[in-house]
Amino acid sequence: MSDETPTPDQAPGAPHPRETRTLVGQSAAEQAFLTAYNSDRLHHGWLLTGPRGVGKATLAWHIARFLLATTPSDDGGLFGAPPAPETLDIDPDHPVAHRILAGAEPGLAAITRSVNDQGRLRNEIVVDDIRKLGKFFGLSSSDGGRRVVIVDSADEMNVSAANALLKMLEEPPARTTLLLISHQPSRLLPTIRSRCRTLRLAPLGEEDMQAALAQTGAAMPDRADHLTALAAGSVGDAVRLINLGGLEIYAELIAILGTLPRMNRQRALALAEAAAQRGAAERFELLLTLIDIALSRLALMGATGAPPTPEAAPGEAEILARLSATPHQARAWAEVAATITARARHGQAVNLDPAALVLDTVFKIQETAGQSR
């Protein structure tokens, strides 16, 4: 993979999960794994689930480092068995830690989307990616040590790849642990899910979010509460918002909603044109996500009678309260959200002009605001 090719298992602007020293806010999942390890009930397949960006990959790399660096309990020699480990943390000076950081650990295989013959990143994990594990198992079996496989993310496997992995889960090689990262486990084959033990990771709270962000080197914005509201406990989403100016985009979107039902078309056009600029594909995708968030928060406002907290932009609560004051308006916003999402994704699929897509979206919002008064 060339330097220009994006790494599929690394959030833009954040360190790779193998470089993240501390696992923040997921002590329950960590302890569940340690309990299984210490009770000699280590399953061969583990499914790490939860929202995108909450630490699943970080946990997987911590588990891999732990398993490859920790000597299995035996008779303990003259001094008896060592105490049961209480943490997944491994000394960063351990040889395994150094080899993993350098991408040179022979007992570890990381499966992600690969590049095709044209050097472009595939949009799915293909069967050849999984079949490479056969050579990995053969090369590393002679040393008698553990082997660990990380699949990030398992949701991206095509049918052939999923079936190939299923065979490995059904007949796992000795002393092998497979760690499957999944943002949407419902997309996996039921037989894969049934052969794995699940570790569910929860969204991070505000304090844990700030601690995790500190590890990425991302600069916290002045209004951390706005970031917390939009990221919804996902460090990956928070980094994306910071790096792409997401807080400013959302603030402008809310300001435009504040002009409804007579929308300020000049500001809407400027927002659309910004999304259509060359090289702005990520910002366009983010804008679509932020529009979906705004509509969801409008629906929640009308359904509950209270604005979502904390605010995600200046003046958001007042604008949401004015546009969505009743359950009837909440239903209208929920329905238009589903319609807009479908139309936007279809427009992306057929390569419609991003500016035209954004304008179509904001005019649909304007229409809904007028009808739901």
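Scroll up to find the structure this text is about.
Residues numbered from 1 in each chain as written. Predicted model: local features only at pLDDT ≥ 70, side-chain atom pairs only at ≥ 80, totals over all residues. Heavy atoms only, no water.

## Brief notes about the packing of aromatic side chains
Part 1 of the argument: One pass over the full model with this rule turns up three aromatic pairs.
Part 2 of the argument: Measuring from ring centre to ring centre gives 4.9 Å for Tyr 37 and Phe 66, while their planes differ by 75°; the resulting arrangement is edge-to-face. Placement of Tyr 37 in helix 1 (residues 27–38) and of Phe 66 in helix 2 (residues 56–69) is noted, with a sequence separation of 29 residues between them. Neither residue differs from the other here; Tyr 37 and Phe 66 are each classed as buried.
Part 3 of the argument: Of note, Arg 18 hangs over the ring of Trp 61, and the distance from its end group to the ring centre comes to 5.9 Å. (Phe/Tyr/Trp six-rings, centres within 6.5 Å; stacked < 30°, edge-to-face > 60°. Helix = DSSP H or I, 4+ residues; strand = E, 2+ residues; numbered from the N terminus. Buried < 20%, exposed > 50% of the residue type's maximum accessible area, 1.4 Å probe, protein only. Lys NZ or Arg CZ within 6 Å of the ring centre and 35° of its normal.)

## As for unusual backbone geometry
Part 1 of the argument: Cis geometry is found at the peptide bond from Asp 152 to Ser 153, where omega equals -5°.
Part 2 of the argument: Structurally, Ser 153 can be placed in the loop between strand 3 (147–152) and helix 5 (159–170).
Part 3 of the argument: A cis amide bond links Thr 309 with the next residue in sequence, Pro 310, at an omega value of -5°.
Part 4 of the argument: Position of Pro 310 relative to the elements: it lies in the loop between helix 12 (281–304) and helix 13 (316–323).
Part 5 of the argument: Even without being a glycine, Ala 232 presents a positive backbone phi close to 50°.
Part 6 of the argument: Checked against the element boundaries, Ala 232 lands in the loop between helix 8 (224–231) and helix 9 (235–243).

## Remarks on the nonpolar core
Soluble, globular proteins show a tendency: their nonpolar side chains are buried together.
Part 1 of the argument: Ranked by size, the top nonpolar core spans 57 residues in total, and within it Tyr 250, Leu 257, Leu 290, Leu 295 and Trp 333 carry the most contacts.
Part 2 of the argument: Element by element, the count of residues in this core is highest for helix 12, at 12 residues.
Part 3 of the argument: Discounting chain neighbours no more than four positions away, the residues touching Leu 257 are Ala 294, Leu 298, Ile 319, Arg 322, Leu 323 and Ile 365.
Part 4 of the argument: Formed by 29 residues, the second largest nonpolar core is a distinct cluster that contains Leu 23, Leu 34, Leu 48 and Ile 181. (Core = buried A, V, L, I, M, F, W, Y, C linked by side-chain atoms within 4.5 Å. Contact = heavy atoms within 4.5 Å.)

## Observations regarding the environment of Ala 102
Part 1 of the argument: Secondary-structure assignment places Ala 102 in the loop between helix 3 (95–101) and strand 2 (108–111).
Part 2 of the argument: As a C-alpha pair, Ala 102 and Ile 63 span 39 residues in sequence and 17 Å in three-dimensional space.

## Focus on helix 8
Side chains of residues three or four places apart in an α-helix project in the same direction, reflecting 3.6 residues per turn.
Part 1 of the argument: The buried fraction of helix 8 amounts to seven of the eight residues, a majority that puts the element mostly inside the structure.
Part 2 of the argument: Within the sequence span of helix 8, burial applies to Ala 224, His 226, Leu 227, Thr 228, Ala 229, Leu 230 and Ala 231.
Part 3 of the argument: Looking at the buried residues of helix 8, the elements they touch are helix 7 (206–216), helix 9, helix 10 (246–257) and helix 12.
Part 4 of the argument: In the stretch just after helix 8, Ala 232 is the one whose phi turns positive, near 50°.

## Structural notes on the packing of helix 12 against helix 15 (residues 354–371)
Part 1 of the argument: One can describe the packing of helix 12 onto helix 15 by two numbers: an axis separation of 11 Å at closest approach and a directional angle of 10°. Here helix 12 lies roughly parallel to helix 15, going by the angle between them. Across the interface between the two elements, Phe 284, Leu 287, Ile 291 and Leu 295 from helix 12 touch Pro 354, Leu 357, Val 358, Thr 361 and Ile 365 from helix 15.
Part 2 of the argument: When its residues are assigned to classes, the contact of helix 12 with helix 15 shows eight nonpolar, one polar and no charged. (Axes fitted to C-alpha atoms, helices over the stretch in contact; angles between N-to-C directions. Parallel < 35°, antiparallel > 145°, perpendicular 65-115°, else oblique. Nonpolar A, V, L, I, M, F, W, Y, C, P; charged D, E, K, R; others polar.)

## A closer look at the packing of helix 10 against helix 11 (residues 265–275)
Part 1 of the argument: Axis separation between helix 10 and helix 11 bottoms out at 10 Å; the angle between their running directions is 150°. The angle between helix 10 and helix 11 falls in the class roughly antiparallel. With respect to the hand of their crossing, helix 10 and helix 11 are arranged in left-handed fashion. Contact with helix 10, carried on its side by Ile 249, Glu 252, Leu 253, Ala 255 and Ile 256, involves Arg 267, Ala 268 and Leu 271 of helix 11 and no other residues of that element.
Part 2 of the argument: Residues of the contact of helix 10 with helix 11, tallied by class, amount to six nonpolar, no polar and two charged. (Left-handed = near helix turned anticlockwise from the far one by under 90°.)

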